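Descriptive analysis of the structure
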Amino acid sequence: MSNRLALLLLVLFFAGCAAQPMRHCPGKTTANEAIEVLKSRREKAAPIRATGQCLLQYHVEGKVRKENFPVKLWVNPPYEIYLQGDVAFDATGLVFGSNADEFWFWLKPKEISSYWSGKWSQAGIWNGLAVNPMMALEVLGVVDIPQGDWALSRDGNFDLLVLRNDRGVIIQKIYIEPCDYVVTKIERFDDSGDIYLKAEFAGYEKTAEGFLTPSRVKIAAVSEQGSEDSVEITLSSVKPTELSSQQRQRLFVRPLPRGFNHIYQVIDGKAVEQRQQ
């Protein structure tokens, strides 16, 4: 269960989408035009800080467990992110952090008590998720657009970007609200065409000139058996911020693991448990 939950938490910080009140706009005419608009949003991303509430639902021995706790979030694009959750009366019971070189996250409750970390260069493909540092921006609703055979179509009132692999199998779908041109949903599929990730954001708010940030995020990781573990975050306050060098050192430099029952290092896309020192 621990590594499955770890994957879900990792996905939370590297995949995003969002929904807005329905309006009717014509959308874009080509995939390249749509992609250029999404890429331009990355250039406008600015540092933010936010507070909110997180609902975590996951399976343990066939039973669904739920945790509801407050969270604090800092993001300094394009690579630096830090989120902490107050779990089991511990203000840092859940932490996720990343910088340009590596990522780390932990859960402190006794039944889990685990710490994961890894270099981006070693992250590889973890359970179908190609992990890279540019995905950190997706927590802001900014989507990384890899090179590939993208096609644009219309799905109801949304623009729909579809990416296929070299065998023609759909591996990613991006739904876009055409008026503000923000992402409303992302679906990721494995090489067999089976979905393993669903992501939705809602309530975009302006946090910088020309830049909108989602205030509600829901990510669901789908198992081979079809069960879903999910994380849902509702941000009550999202504000632009300035970070000093001391703050960046405290938030975005990986701390050494201390006091955890299990320590994992992600190597070649696999979480390998390390011996305690």
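Residues numbered from 1 in each chain as written. Predicted model: local features only at pLDDT ≥ 70, side-chain atom pairs only at ≥ 80, totals over all residues. Heavy atoms only, no water.

Looking only at helices and strands, the protein chain has four helices and 17 strands in total. In the protein chain, which comprises 277 residues, the proportion classed as buried is 49%. A sequence separation of at least 24 residues applies to 53% of the contacts in the protein chain between residues at least 6 apart. (Helix = DSSP H or I, 4+ residues; strand = E, 2+ residues; numbered from the N terminus. Buried < 20%, exposed > 50% of the residue type's maximum accessible area, 1.4 Å probe, protein only. Contact = heavy atoms within 4.5 Å.)

Another point: the environment of phenylalanine 211. The residue phenylalanine 211 is located in strand β14 (residues 211-222) in this model. For the pair phenylalanine 211 and valine 182, spaced 29 residues apart in sequence, the C-alpha separation works out to 9.8 Å.

What follows deals with empty space enclosed by the protein. Enumeration according to the criterion identifies two cavities of 30 Å³ or more in this entry. Estimated volume of the second largest cavity: approximately 60 Å³. Taken together, eleven residues line the second largest cavity, and the ones lying closest to its centre are Tyr58, Glu67, Leu107, Pro109 and Ile112. For the lining of the second largest cavity, the secondary-structure elements that each account for two or more residues are β1 (48-60) and β2 (63-76). Considered class by class, the residues forming the lining of the second largest cavity number nine nonpolar, no polar and two charged. (1 Å grid on protein atoms, 1.4 Å probe; cavity = no way out; pocket = protein on both sides within 12 Å on 5 of 7 lines; lining within 4 Å. Points joined across faces, edges and corners; volume = space filled by probe spheres on them. Nonpolar A, V, L, I, M, F, W, Y, C, P; charged D, E, K, R; others polar.)

Time to look at the pattern of salt bridges. On inspection of all chains with the given rule, the structure shows seven salt bridges. The closest approach of N and O atoms between lysine 119 and glutamate 102, which form a salt bridge, is 3.9 Å. In this pair, lysine 119 sits in strand β6 (residues 114-119) while glutamate 102 sits in strand β5 (residues 102-107), placing the two residues 17 residues apart along the sequence. Between lysine 198 and glutamate 228 there is a salt bridge, with its nearest N and O atoms 2.6 Å apart. Residue lysine 198 is located in strand β13 (residues 195-208), and its partner glutamate 228 is located in strand β15 (residues 228-240); the two are separated by 30 residues in the primary sequence. Residue glutamate 228 is classed as partly exposed on the basis of its relative accessible area of 35%. When salt bridges that share partners are traced, they join Glu102, Lys119 and Arg254 into one network. (Salt bridge = Lys/Arg side-chain N within 4 Å of Asp/Glu carboxyl O.)

In this section: unusual backbone geometry. The amide bond that connects proline 77 to the next residue, proline 78, takes the cis arrangement and shows omega of 5°. Summarising the element assignment, proline 78 is placed in the loop between β2 and β3 (80-87). The backbone of serine 113 sits at a positive phi, close to 40°, despite the residue not being glycine. Within the secondary structure, serine 113 sits in the loop between β5 and β6. By relative accessible area, serine 113 is classed as buried at 5%. The residue tyrosine 181 is not glycine, and still its phi comes out positive at about 55°.

With that out of the way, let us pick up the state of the cysteines. Counted by the stated rule, this structure contains one disulfide. Note that cysteine 25 is cross-linked by a disulfide to cysteine 179, the S-S spacing being 1.9 Å. One disulfide, between cysteine 25 and cysteine 179, carries an S-S torsion of 105° and so falls in the right-handed class. Separated by 154 residues along the polypeptide, cysteine 25 in the loop between α1 (2-14) and α2 (31-44) and cysteine 179 in the loop between β11 (170-177) and β12 (182-189) bring together distant segments of the chain. (Disulfide = S-S within 2.5 Å.)

Examined bridge by bridge, β1 and β15 share ten bridges and lie antiparallel to one another. When the bridges of β15 are listed, cysteine 54 appears paired with isoleucine 233. Summarising the sheet, β14 and β15 pair through seven bridges and their orientation is antiparallel. In the sheet register, isoleucine 219 faces β15, and the bridge partner there is valine 231. (Pairing = 2+ DSSP bridges.)

Locating isoleucine 219 in the fold gives a position in strand β14. The exposure class assigned to isoleucine 219 is buried, which follows from its relative accessible area of 0%. Sequence separation of isoleucine 219 and lysine 185 is 34 residues, and the distance between their C-alpha atoms is 9.9 Å.

A separate point is the nonpolar core. The biggest cluster of nonpolar side chains holds 28 residues, and the ones touching the most others in it are Phe69, Leu73, Phe103 and Ile233. Listed by contribution, the elements that provide at least two residues to this core are β1, β2, β3, β4 (90-98), β5, α3 (120-123), β15 and β16 (262-267). Broken down by element, the residue count for this core peaks at six residues, all from β1. Residues Ile145, Tyr181, Phe201 and Val217 belong to the second largest nonpolar core, which totals 22 residues. (Core = buried A, V, L, I, M, F, W, Y, C linked by side-chain atoms within 4.5 Å.)

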